[in-house]
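# Notes for the structure review
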Amino acid sequence: MPEFRLYNSMTRSVEPFAPADGETVRMYACGPTVYNPAHLGNFRTFLFADLMRRSLKLAGFKVRQVMNLTDVDDKIIKRATEQKKTVREVTEPVIGMFIADRDYLRIEPAEHYPRATDFIVEMVDLVRRLEMKGIAYQADDKSVYFAIDRFPGYGRLSRLDTRELKTGARVAQDDYAKENAQDFALWKSATPDDEACGAAWDSPWGRGRPGWHLECSAMAMSLLGETIDIHTGGVDLQFPHHEDEIAQSEAATGKPFARFWCHGEFLLTDGAKMAKRVGNVSTVEDLRSQQVSAAAVRHLMFSTHYRKQLNLSGAALEASMEAVRRVGDFAGRLAAAPGGTPALATVAETFRAEFDDALRDDLNAPRAQAALFVFINHVNAELDKRGSDVAGLAAAREAFARADAVLNIVPEREGVDASLEPWVEQQMLARKAARGRRDFAAADQIRKALEEKGIVVEDTAEGARWKKVR
RNA sequence: GGCGCCGUAGCCAAGUGGUAAGGCAGGAGACUGCAAAUCUCUCAUUCGUCGGUUCGAUUCCGACCGGCGCCUCCA
């Protein structure tokens, strides 16, 4: 069996991957900051993590995944202050929306969804460890900072040593309290606003709240151990977020924080990064209201490799909707087929090998999906022969099922309103009768009436059936 | 300015030092009372441009053009 290979941002190369303990992959995925609903760009990254965990499982590994919910940060506090709410009141409903969107997109839940505010003790402890080692210091503004010049490895992930700062940029006047402009906050001293909205905790350095980077380090190490196998996130998190996580964690433990750093590329709209400040975001809710199925979204997101930018467009979405329609029809046909041909066993085996190879090769989902369509084509051709071989059919079903356990791109078969269903069935019977007496004018009229309700009638060898389309 | 990624048919998109997967759309045919679905055939002598290395490059190197991102909160 070919090895599992992943691109590691730290080494900038594709490397063989296996969990450190040989069995369970400890994976940490940077999650959402819950101050308003995540957009599709965020979800591209979460879908990337979903692809990762499902591919790892397909390869035979167990997975223990943590995805954090950042429920204290500047934006949340700002919102809470504006709305005169507590941070909890701001984040609670947004977390609910996140879960709903996650489920809609069929993202397999991680094992843990820790909230930053539930790990204050662990965070304070981490800062204390850093302080004892002389790497963290409390500045005049009472905040505690990480001294990057006391951590020799700082900047390895983003190759800071090879960079020059943008000329004339960022003089950091507001951060005069820090010893070094690039030092980052571990613990921020509380402001009156922080206190007002419940975003302040006691600590050895006074009332305050955790810095963003600290949350991930503390939660990852608490739940997964001091060295985790895989850490994922969007490319924009590489610097400074992940760089700072590495610094804090490794300075405290003296051990490597993550063995593999994996970053997903951006989702673009109109040729620009999808971001709230650009004003080009769309949400899962937007898609739902446009009748775009989760299957279609997944197909689209998996049709481009995760390390390549993907431009979201109406045309691309429509292509995916149609592609997934085909997958759905195939799934129905495969399930209902009375028999197949012996050749299906070979078709299934070929598919299985190519599909697995593709995913093992740095999660090449586009290639995996291509293999699926080749498989569908071959199986359809075999089923057209109307054979009665059950072993071949079973092999095809099995191969399809395990592939879809990763992709999950079979669209939900849409039903009609319960009140409409008896009418539909009645029309189908009437049409059958009309066709029986070769009254095709009447039969076509019924077809047309059904079509107006968005129902397509298909005549097959096993009789007529109907399906709902948009 | 520094660091990095990308540029493959109408659109989306894999891929390899030896001559281009797959999806959508399109064309022709089969099947069908008509459809739908499905199947078959077809759809890039060519992979941004110009050079170089090579027996041979889309794939390696260089330059250029174009697009995107990071360097600041950010999936």
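Note that this is a predicted model, so its numbers are computed, not measured. (Residues numbered from 1 in each chain as written. Chains lettered and ligands numbered in written order. Predicted model: local features only at pLDDT ≥ 70, side-chain atom pairs only at ≥ 80, totals over all residues. Heavy atoms only, no water.)

## Overview of the domain arrangement of chain A
- Domain annotation for chain A reports domain 1 (18-269), domain 2 (290-407) and domain 3 (421-468).
- One C-alpha centre belongs to domain 2, the other to domain 3; they are set 29 Å apart. (Domains from an automatic or database assignment.)

## Let's talk about empty space enclosed by the protein
- Evaluated as defined, the whole model comprises three cavities of 30 Å³ or more.
- When its volume is computed, the largest cavity comes out at roughly 90 Å³.
- R44, F48, M301, T304 and Y306 are the residues nearest the centre of the largest cavity, which is lined by 14 residues in total.
- Contributing elements (two or more residues each) for the lining of the largest cavity: α1 (40-58) and α9 (294-302).
- If you tally residues by element for the lining of the largest cavity, the top one is α1, at five residues.
- Of the residues assigned to the lining of the largest cavity, the class counts are eight nonpolar, four polar and two charged.
- Structurally, the lining of the largest cavity is a two-domain feature, drawing no fewer than three residues from each of domain 1 (18-269) and domain 2 (290-407).
- Around the second largest cavity, the lining is made up of 13 residues, and of these F46, Q65, M67, I107 and E108 lie nearest the centre.
- At the level of elements, α1, β4 (62-67) and α3 (87-104) are the ones that each hand at least two residues to the lining of the second largest cavity.
- The leading source of residues in the lining of the second largest cavity is α1, at five residues.
- In terms of residue class, the lining of the second largest cavity is built from eight nonpolar, one polar and four charged. (1 Å grid on protein atoms, 1.4 Å probe; cavity = no way out; pocket = protein on both sides within 12 Å on 5 of 7 lines; lining within 4 Å. Points joined across faces, edges and corners; volume = space filled by probe spheres on them. Helix = DSSP H or I, 4+ residues; strand = E, 2+ residues; numbered from the N terminus. Nonpolar A, V, L, I, M, F, W, Y, C, P; charged D, E, K, R; others polar.)

## As for the nonpolar core
- Judged by nonpolar contacts, the single largest core of 81 residues is most densely connected at L56, I230 and F375.
- Residues from two domains meet in this core; each of domain 1 (18-269) and domain 2 (290-407) gives at least three.
- Among all residues touching I230, those that are not within four sequence positions of it are L6, F17, V25, R26, M27, Y28, M52, L56, F260 and C262.
- Of all hydrophobic cores here, the second largest spans 51 residues; its members include Y28, F119, M221 and A252. (Core = buried A, V, L, I, M, F, W, Y, C linked by side-chain atoms within 4.5 Å. Buried < 20%, exposed > 50% of the residue type's maximum accessible area, 1.4 Å probe, protein only. Contact = heavy atoms within 4.5 Å.)

## Concerning the sheet that holds β4
- Pairing is parallel in the open sheet, where four strands are placed in the order β4-β3-β9-β10. Two strands bound the open sheet, and with one partner strand each, they are β4 and β10 (258-264). For this sheet, the mean angle separating the axes of adjacent strands, direction not counted, is 25°.
- In this fold helix α6 (residues 212-224) packs onto β3 (24-29), β4 and β9 (228-234), with an angle of close to 160° to the strand it touches most, β3. (Pairing = 2+ DSSP bridges. Axes fitted to C-alpha atoms, helices over the stretch in contact; angles between N-to-C directions.)

## A word on the pairing of β10
- Judged by how many residues are buried, β10 sits mostly within the fold: six of seven residues are covered.
- Where β9 meets β10, six bridges bridge the pair, whose relative direction is parallel. The partner of G234 across the bridge, within β10, is G264.
- Each parallel crossover has a hand, and the one from β9 via helix α7 (residues 238-253) to β10 is right-handed. (Right-handed = clockwise from strand over helix to strand, strands pointing away.)

## Focus on the environment of P192
- Mapped onto the fold, P192 is located in helix α5 (residues 192-196).
- By relative accessible area, P192 is classed as exposed at 69%.
- C-alpha of P192 to C-alpha of M321: the two residues are 129 residues apart in sequence and 50 Å apart in space.

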